[in-house]
Amino acid sequence: KADVSRIRSASFSSSKVLVNQSELTEDCPELIELFHWDGLRQLLQEAFGVEKLFCSADPLGGVYLNFFEQGDQLGWHFD
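Residues numbered from 1 in each chain as written. Predicted model: local features only at pLDDT ≥ 70, side-chain atom pairs only at ≥ 80, totals over all residues. Heavy atoms only, no water.

## Re the overall build of the protein chain
Within the protein chain, the regular secondary structure consists of 4 helices and 2 strands. Starting at the N terminus and walking to the C terminus, you meet the elements of the protein chain as α-β-α-α-α-β. Counting all 79 residues of the protein chain, 10% fall into the buried class. Counting only contacts in the protein chain whose residues sit at least 6 apart along the sequence, the fraction spanning at least 24 positions is 74%. Accessible area for the protein chain stands at about 6,800 Å²; split by element, carbon and sulfur atoms hold 55% of it. (Helix = DSSP H or I, 4+ residues; strand = E, 2+ residues; numbered from the N terminus. Buried < 20%, exposed > 50% of the residue type's maximum accessible area, 1.4 Å probe, protein only. Contact = heavy atoms within 4.5 Å. Areas by Shrake-Rupley, 256 points an atom, 1.4 Å probe, with all protein chains shown as cover.)

What follows is the structure, given as structure tokens:
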């Protein structure tokens, strides 16, 4: 049997470049419009069998774009 407490306390590396929503609003308003378009939300609800999805109200983190460069990684996380 796995030692769950050991897994939960383990440390994982994560490195990436994040672009916040306010930067996208200025540079690419069409991308923000796509992320908030009801048609995309409905498509994702159907594709994943999810009854409801909601857009984030966070002005910075409402849309996340992750860029991974050589050596970057996304460590294990629980969200």
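From this point on, the discussion continues.
## Here's the deal with the confidence of the model for the protein chain
The predicted model of the protein chain averages 79 in pLDDT, with 86% of residues at 70 or higher. No element of the protein chain has a lower mean pLDDT than helix α1 (residues 4-8), at 66, and none a higher one than helix α4 (residues 38-48), at 95. (pLDDT = per-residue confidence, 0-100.)

## Some remarks on the pattern of salt bridges
This model, assessed by the stated rule, comprises 1 salt bridge. With a shortest N-O distance of 3.3 Å, R41 and D38 are connected by a salt bridge. With a gap of 3 residues between them, R41 and D38 both fall in helix α4, about one helical turn apart. (Salt bridge = Lys/Arg side-chain N within 4 Å of Asp/Glu carboxyl O.)

## Things to note about the layout of surface pockets
Reported here for the largest pocket is a volume of approximately 240 Å³. Contributing to the lining of the largest pocket are F35, H36, L40, R41, L44, L53, F54, C55, S56, G62 and V63. The element that contributes the greatest number of residues to the lining of the largest pocket is α4, accounting for 3 residues. When grouped by side-chain class, the residues that make up the lining of the largest pocket number 7 nonpolar, 3 polar and 1 charged. (1 Å grid on protein atoms, 1.4 Å probe; cavity = no way out; pocket = protein on both sides within 12 Å on 5 of 7 lines; lining within 4 Å. Points joined across faces, edges and corners; volume = space filled by probe spheres on them. Nonpolar A, V, L, I, M, F, W, Y, C, P; charged D, E, K, R; others polar.)

## So, the environment of S14
Tracing the sequence through the fold places S14 in the loop between α1 and β1 (17-19). Sequence separation of S14 and L74 is 60 residues, and the distance between their C-alpha atoms is 4.6 Å. Once residues lying within four places of it in the same chain are set aside, the contact partners of S14 are Q73, L74 and G75.

## Quick look at the side chain of Q45
Among the structural elements, Q45 can be located in helix α4. In this structure Q45 comes out as buried when scored by relative accessible area, which is 15%. Of note is the side chain of Q45, whose polar atom sits 3.4 Å from the backbone nitrogen of L53. In contact with Q45, not counting residues within four places along its chain, are V50, E51, K52 and L53. (Polar contact = N/O pair within 3.5 Å; in protein donor to acceptor, adjacent residues only side chain to side chain.)

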